[in-house]
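Structural characterization, general
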Amino acid sequence: MVSPQSLELGYHLKKSQGGIKRIRDYGYFIPFEDLITILYCLPEVQFWFQNNHKTHDTLMRDICDGCYIKENPLFRRNPNALQIILYNDDIEIVNPLGTHVKKHKVTLFYVAFANIPPEYRSKLQSIFLVAVAKSRYIRKHGVSKLLKNFIQTVSRLVSGGFEIQVNGRAHNIEGALVMAPADTPAANSLGGFKEGVGFAYKKCRTCLISNNELSRQFRATHFIERTNVNYDQSCRTLEGEMTRETKSYWSKMFGINSRSCLNSLDNFDIIQCLTHDPMHVLLDGLLPYEMSLLLTHCIDMKKYFSLNWLNSQIDSYPYSLATSCSKPEPIQRKHYFVDAHVKQTASGMLSLISFLPFIMARKVERGDKKWLTFLKLIQITFVCHNPYAAQETVEDLRNLVESHHLNFRREYPKASVPPKMHYLVHMAKQIQRFGPGRFQSCMRFEAKHAFFKNKKWRCFKNLPLSLAIFHQKWLCGQMITPLGTYSGNFLYDGDEVKEGDNVIIEEMQELHKLCVKERFPNSESVYVTKQVKIHGCVYREGVIVVSSCDYFNPSFVRIIEIVIKDQNKFFLVQKSQIVDVNLHLISYEIEFENSFQLVSYRDLVIKLPLDMHLLNGKLFVMNKYALLTLDLP
């Protein structure tokens with residue numbers, strides 16, 4: 001167990017027995033070098049730390065495939081150097097009411113390693129706690145002291161690395177901090193920018209756009225990007241001698257409060273690496289906002305349908321065949337009509353937009369401009385949460401964002417343009433730098449919060465220390481076996497196969513038999529099951545997968561059966577052909593052929609399953625993982 005260590009951040013004054021008492025404010029950190037050493041003892045983790053998983057074709061599948069890693073001098077010299085991701089957020093452990101709403105609010109800092117492939121990195125035990133303190137202490141004393149150990153360790157990793165001993169062997173470890181995703185307030189605070197952008201003349205930490213241009217210009221090439229040079233110049237200006245009023249003026253003009261503690265790190269670009277989070281920008285921001293405007297238009301103005309009808313359709317829709325996100329909550333009138341923000345969780349919103357077009361399109365008039373504008377935003381969301389990307393995706397997303405924003409301004413002239421709409425403009429270049437948008441999202445980091453929230457806390461005397469000890473004990477338990485040895489399945493427990501049967505190949509249907517015999521000519525029987533779970537994705541009968549990755553004409557096939565041979569998974573699939581592209585549904589209309597094939601899970605380029613939707617007797621597939629979007633007017 002890597003035990004947390006205490007660190008004095010400062011002090012505060014408190015009245016006590018008629019006098020004033022000085023109370024020390026403590027934070028707690030996990031020694032980062034010790035954490036890396038322990039992780040190297042785990043066989044799975046050590047393997048991925050020593051073997052990079054860069055793609056060998058034109059697709060980007062992870063952060064290492066983006067140009068930031070490819071062009072970084074350290075990673076070009078040492079492809080196996082540690083790629084460190086830092087995340088921070090404030091959470092409230094309990095659910096208090098009234099004046100105690102922020103009493104137990106804590107700030108957590110997590111790290112993840114992009115050397116570990118995404119299918120393993122998404123597990124909660126692959127996200128590690130590095131520091132924790134009460135949020136009010138962070139607000140008062142800053143984060144530099146709390147992150148001192150982390151920054152010093154990363155600085156050593158960048159400047160030649162350090163040596164560790166594992167099982168009698170010496171390993172020289174190098175690495176760098178490559179990305180720090182977070183929601184806007186947390187990222188701005190960590191970067192020294194104004195946490196509340198409403199008080200800044202320049203609201204974006206990526207470019208120098210002014211308030212006046214924010215709602216008029218929607219292409220990144222129209223803006224002057226911030227750089228480390230002008231960031232440093234602004235910080236030097238604020239650090240100079242000036243009156244309080246003058247400093248406040250320039251702070252608002254620059255959108256900067258102070259220099260970030262991360263700015264001292266070599267090989268870390270404070271402007272590029274503080275990324276905009278697709279989850280908070282889209283799922284918690286623009287989608288709820290624009291959906292509220294659309295529902296006001298459809299329900300209260302055009303009378304296409306009623307709110308009760310919509311909620312009943314959402315509740316009864318059979319959306320869960322391949323979708324593993326949370327079920328959406330019923331939509332309340334006060335949320336979209338008064339608050340102008342539809343209330344959903346991020347995973348619930350992602351699930352909702354996956355089938356909402358098949359509900360609303362039956363009622364919405366064809367060619368409705370507001371509906372088409374919303375469909376563009378759905379496509380943008382899918383691209384920004386896609387685990388795959390290509391160079392063509394970047395320019396396609398750039399054009400789609402500009403088109404959506406212009407349409408939004410035209411269709412909702414009285415609606416305000418929130419800063420998150422501008423942040424979306426930078427998402428295309430961000431994907432080019434750091435690979436698919438899915439791995440820049442904070443969704444899995446947010447899921448880690450549930451680890452602390454789900455425990456019933458009864459003692460709040462020193463909550464940050466309790467959280468740190470609780471997490472480190474749990475992590476220690478995950479790392480070792482009952483015999484006390486290091487776990488060999490820390491990252492992955494294996495695939496889950498539902499109970500099936502050994503089937504004699506000669507007794508299978510004729511067309512199915514031909515496909516199986518072609519793949520296994522010397523076998524008499526195979527194991528057949530209806531469901532298998534691989535890396536968290538459930539594949540079952542009726543699920544759609546993409547058999548070939550063509551940019552403009554994807555090939556959709558339907559799983560009929562799942563065949564397992566020598567621990568390898570194969571899908572017996574039925575082929576289909578695309579009949580039409582329905583822009584009103586941003587989907588492909590398909591028809592199935594009387595043709596089958598056996599495809600290996602390993603050979604699938606796009607490995608994630610899709611849903612098939614039935615509407616008016618026709619079959620549709622919404623290709624959420626497309627590399628290019630459909631061309632909406």
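Structure report, in brief. Since the model is a prediction, treat every value here as computed from it, not as a measurement. (Residues numbered from 1 in each chain as written. Predicted model: local features only at pLDDT ≥ 70, side-chain atom pairs only at ≥ 80, totals over all residues. Heavy atoms only, no water.)

All right, on to helix H15 (residues 346-360) then. Its 15 residues place the ends of H15 20 Å apart at the C-alpha level, agreeing with the 21 Å of an ideal helix rising 1.5 Å per residue. Maximal helix bending in H15 amounts to about 40°, located at Ser354; proline Pro357 follows within four positions. Here H15 lies mainly inside the structure; 15 of its 15 residues are buried. (Helix = DSSP H or I, 4+ residues; strand = E, 2+ residues; numbered from the N terminus. Expected span 1.5 Å × (residues − 1). Bend = angle between axes of the 7 residues up to and from the residue. Buried < 20%, exposed > 50% of the residue type's maximum accessible area, 1.4 Å probe, protein only.)

This part takes up the sheet that holds strand E3 (residues 82-92). Taken together, the 6 strands give an open sheet; going across it, the order is E1-E2-E5-E4-E3-E8, and neighbouring strands pair in mixed fashion. Each edge of the sheet is formed by a strand with only one pairing partner; in this case those strands are strand E1 (5-16) and strand E8 (175-179). Mean inter-strand twist for the sheet, computed between neighbouring axes without regard to direction, equals 25°. As paired elements, strand E4 (residues 105-113) and strand E5 (residues 128-134) share 6 bridges and run antiparallel to each other. Counted as the bridge partner of Tyr110 is Leu129 from E5. (Pairing = 2+ DSSP bridges. Axes fitted to C-alpha atoms, helices over the stretch in contact; angles between N-to-C directions.)

A few words on the side chain of Glu174. Within the element layout of this structure, Glu174 appears in the loop between strand E7 (169-173) and E8. The exposure class of Glu174 is buried, given its relative accessible area of 9%. Side chain to side chain, Glu174 and Arg77 meet in a polar contact 2.9 Å long. Apart from residues lying up to four places away in sequence, Glu174 is in contact with Leu74, Arg77, Asn78, Ala81, Leu82, Leu157, Gly160 and Gly161. (Polar contact = N/O pair within 3.5 Å; in protein donor to acceptor, adjacent residues only side chain to side chain. Contact = heavy atoms within 4.5 Å.)

Before going further, it helps to spend a moment on the environment of Arg333. Structurally, the position occupied by Arg333 is in helix H14 (residues 333-338). In terms of polar contacts, Arg333 uses its side chain to reach the side chain of Asp300, at 2.8 Å.

The tally for this structure, following the rule as stated, stands at 30 aromatic pairs. Ring plane angle 10° and centroid distance 4.9 Å describe the contact between Tyr317 and Phe355, whose orientation is recorded as stacked. You can see Tyr317 sitting in the loop between helix H13 (307-316) and H14 and its partner Phe355 sitting in helix H15, a full 38 residues away along the chain. Here Tyr317 and Phe355 have matching classes, each one buried. Geometrically, the ring pair formed by Phe556 and Tyr588 is tilted, given 5.4 Å between the ring centres and 55° between the ring planes. Of this pair, Phe556 sits in strand E15 (residues 555-565) while Tyr588 sits in strand E17 (residues 587-600); the two residues are 32 residues apart in sequence, bridging distant segments of the chain. Residues Phe556 and Tyr588 agree in their burial class; the two are buried. An aromatic cluster is built from Phe32, Tyr40, Phe49, Phe113, Phe128 and Phe150, whose rings are joined through pairwise contacts. The side chain of Lys448 reaches across the aromatic face of Phe451, ending 5.5 Å from its centre. Cation over ring: Lys455 sits above Trp457, and NZ or CZ is 5.3 Å from the ring centre. (Phe/Tyr/Trp six-rings, centres within 6.5 Å; stacked < 30°, edge-to-face > 60°. Lys NZ or Arg CZ within 6 Å of the ring centre and 35° of its normal.)

Strand order in the open sheet formed by 3 strands is E9-E12-E13, with antiparallel pairing between adjacent strands. Either end of the sheet is taken by a strand with one partner, and the two such strands are strand E9 (496-497) and strand E13 (537-540). The sheet contact formed by strand E12 (residues 531-534) and E13 spans 4 bridges and is antiparallel. Across the sheet, Gln531 pairs through a bridge with Arg540, a residue of E13.

Turning our attention to the pairing of E7. One ladder, built from 5 bridges, connects strand E6 (residues 162-166) with E7; its direction is antiparallel. Bridge pairing in E7 places Ile164 opposite His171. The loop that links E6 with its antiparallel partner E7 comprises 2 residues; one of these, Asn167, has a positive phi angle of about 55°.

So, on to the environment of Met253. Along the chain, Met253 falls in helix H11 (residues 244-254). Taking the C-alpha atoms as reference points, Met253 and Gln17, separated by 236 residues in sequence, lie 46 Å from one another. Filtering out sequence-adjacent residues up to four positions away, Met253 remains in contact with Tyr201 and Lys202.

A word on the packing of helix H12 (residues 278-301) against H15. Relative to each other, H12 and H15 sit at 35°, their axes nearing to 10 Å. Our pair here, H12 against H15, has a crossing hand that is left-handed. Every residue of H15 that contacts H12 at Met279, Leu283, Asp284, Leu287, Pro288, Met291, Leu294, Leu295 and Cys298 is listed here: Ala346, Met349, Leu350, Leu352, Ile353, Leu356 and Met360. (Left-handed = near helix turned anticlockwise from the far one by under 90°.)

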